[in-house]
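Architecture and fold: a report
Here are the chains, one letter per residue:
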Amino acid sequence: MKFFYNIFVSLLISGMKIGAIFNYKLKKGLAGRRQSCDIVKSKFSSDDQVIWMHAASLGEYEQGLPVLEKLKEKLPHHKILITFFSPSGYENVIHKNTIANAVCYLPFDKKIWIDEFSSHFKTDIFFTVKYDYWYNLLEKLKADGAKVFVVSALFYETQVFFKAYGNWFVEQLSKNVNWFFHQTKHSTALAKSIGLSNSSTAGDTRFDRVKKLRERDNFVEYIDKFKQNKKTIVFGSSWESEERLAEIVASKNRDLKMILAPHDLKRVANLKEIFPNAMLYSQLTNSQVFNSSNSQVLIIDCIGLLSKLYSYGDLAVVGGGFHSKGLHNILEPATFGIPVLFGDQYLKNPEADDLIAHHGGKSFEDEFFAAPYLLSLLKDDALLKTMSENARNFIDSQPNASEIIVNRILS
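All of the points below concern the structure found in this document. A quick note: this is a predicted structure, and the numbers were derived from the prediction, not measured.

Remarks on the overall build of the protein
Counting its regular elements, the protein contains 20 helices and 14 strands. Seen along its three principal axes, the alpha-carbon backbone of the protein occupies a region of about 65 × 40 × 40 Å. Counting only residues that meet the buried cut, the protein has 55% of its 411 residues in that class. Counting only contacts in the protein whose residues sit at least 6 apart along the sequence, the fraction spanning at least 24 positions is 69%. As displayed, the protein offers around 18600 Å² of accessible surface, 52% of which is attributable to carbon and sulfur atoms. Charged side chains of the protein number 50 positive and 45 negative; the gap between the two group centres comes to 3 Å.

Next up, the structure:
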């Protein structure tokens with residue numbers, strides 16, 4: 001199986017090289033990987049003790065960050081390395097201030113490249129977030145004496161470990177991972193059912209991060225003037241379905257305000273077609289906001305504001321759940337105590353079921369089912385208040401997963 005795994009990695013590399021001809025993100029990812037060794041060589045020495053976090057993309061980075069921050073507090077003299085597989089994760093984080101000494105792409109999982117990359121520093125603690133497993137990397141880390149962990153692990157029945165040919169992959173994880181910290185009891189039970197007894201349920205570290213969002217300054221200029229104390233819906237990371245929902249709701253209730261933050265800024269032009277009278281955030285000035293006080297829709301045509309914008313909402317609609325692309329972050333609006341509505345395709349988001357069970361959120365088959373419920377909820381102040389309280393209580397009830405994890409890592 002190791003032979004076939006290495007063949008798979010080679011095919012993956014070839015496929016990405018071909019794809020890079022047509023896809024700019026893939027091209028950037030390949031170019032970035034060529035710099036990874038130079039980056040760590042310039043930032044570390046071979047004697048540096050390093051805490052290394054690997055995240056597939058931005059969502060996994062956000063899950064792992066609370067653990068990384070706590071480890072740095074406990075081990076202040078260790079240096080920090082963050083690696084990514086996806087360009088979307090790397091490109092978002094490389095422009096931010098982080099606690100990392102180095103941020104780069106993870107080299108492709110060929111033994112010769114992994115050996116060269118890891119030779120420039122000494123890994124003391126390594127953890128990957130959720131389920132991004134690279135077997136040559138894990139084997140190398142274990143052989144070098146690193147402590148290896150999986151944080152916010154999430155096992156589900158369709159993974160390769162539960163296939164007839166999955167024994168080799170399970171054996172590699174059992175041999176090379178010290179401990180799995182699972183998000184859910186179900187994930188822990190699945191892991192133990194295939195012999196990964198080095199597992200425990202710690203919870204989802206994203207709850208630790210979103211609780212902290214309330215403590216910062218969430219002021220966003222112009223939003224209060226746009227709202228004018230009217231009920232406001234924040235459409236976060238919207239796709240086409242959420243935008244159609246916004247169109248339906250806007251036509252039925254002219255007295256509410258809507259803030260739309262599309263998942264991709266390329267959709268701003270489409271939103272302007274749907275809402276020709278909408279304001280763009282980038283064009284606002286104080287006088288324009290005042291003179292445009294009757295505008296119903298504000299389109300966010302810049303990045304980095306969404307989690308703060310949820311603090312202004314009375315209700316949130318989070319994108320991605322009406323199709324297979326994947327539900328975006330529903331915990332950010334919930335932490336500010338507002339009900340969250342979304343599509344029902346969220347297999348890899350167990351927190352969605354939990355939020356629904358706590359009566360702080362609700363899912364729908366499509367936008368046409370969601371629209372009448374949303375409109376009725378806005379008219380029912382008592383239910384809106386109850387759901388808001390339930391959403392916040394759901395966040396508050398979650399364990400401090402990062403503290404549980406760090407205590408176990410350092411024990």
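Focus on the pairing of strand β3 (residues 102-105)
Pairing geometry for strand β2 (residues 79-84) and β3, over 4 bridges, is parallel. In the sheet register, L81 faces β3, and the bridge partner there is A102. Note on the crossover from β2 through helix α5 (residues 87-93) to β3: the handedness is right-handed.

Some remarks on the pattern of salt bridges
Evaluated as defined, the whole model comprises 18 salt bridges. K231 serves as the salt-bridge partner of D381, at 2.5 Å between the closest nitrogen and oxygen. Of this pair, D381 sits in helix α19 (residues 381-396) while K231 sits in the loop between α11 (223-227) and β8 (232-238), and the two are 150 residues apart along the sequence. Judged by its relative accessible area of 27%, K231 falls in the partly exposed class. Salt-bridge contacts for R267 lead to E243; the nearest nitrogen and oxygen are separated by 2.7 Å. Here R267 is found in the loop between β9 (257-262) and α13 (268-274), whereas its partner E243 is found in helix α12 (residues 240-252), with 24 residues between them in sequence. Accessibility classification places R267 together with E243 in one group, the buried group.

Observations regarding the layout of surface pockets
If you add up the space inside the second largest pocket, you get close to 480 Å³. Lining of the second largest pocket is provided by 15 residues; of these, Y131, D132, Y133, W134 and V160 occupy positions nearest its centre.

Parameters at a glance
Here the residue index of a chain counts from 1 through its sequence in written order. Totals for whole chains, interfaces and linings use all residues, but because this is a predicted model, local features are given only for residues with pLDDT of at least 70 and pairs of side-chain atoms are given and counted only at 80 or more. Only hydrogens and water are set aside when side-chain values are computed; all heavy atoms of the structure are taken into account. Segments assigned H or I by DSSP are reported as helices when at least four residues long, segments assigned E as strands when at least two residues long, and all are numbered from the N terminus. Any residue under 20% of the maximum accessible area for its type is buried, any over 50% is exposed, and the rest in between are partly exposed; the area is computed with a 1.4 Å probe on protein chains only. By definition, residues are in contact when any of their heavy atoms lie within 4.5 Å. Computed with a 1.4 Å probe, the accessible areas rest on the Shrake-Rupley method; for each residue, only the protein chains presented here act as cover. In this charge count, Lys and Arg are treated as positive and Asp and Glu as negative; neither His nor the chain ends contribute. Where a charge sits is defined by one atom per residue type, namely NZ (Lys), CZ (Arg), CG (Asp) or CD (Glu). For two strands to be treated as a pair, DSSP must find no fewer than two bridges joining them. Crossovers are described as right-handed under a simple rule: with the strands pointing away from the observer, the path leading from the first strand over the helix to the second runs clockwise. For this document, the term salt bridge refers to a Lys or Arg side-chain nitrogen within 4 Å of an Asp or Glu carboxyl oxygen. Think of a 1 Å grid over the protein atoms and nothing else: a 1.4 Å probe that fits but is trapped marks a cavity, an open set flanked by protein within 12 Å on at least five of seven lines marks a pocket, and residues with an atom within 4 Å of a point count as lining. Grid points are joined across faces, edges and corners, and a volume is the space filled by probe spheres set on the points.

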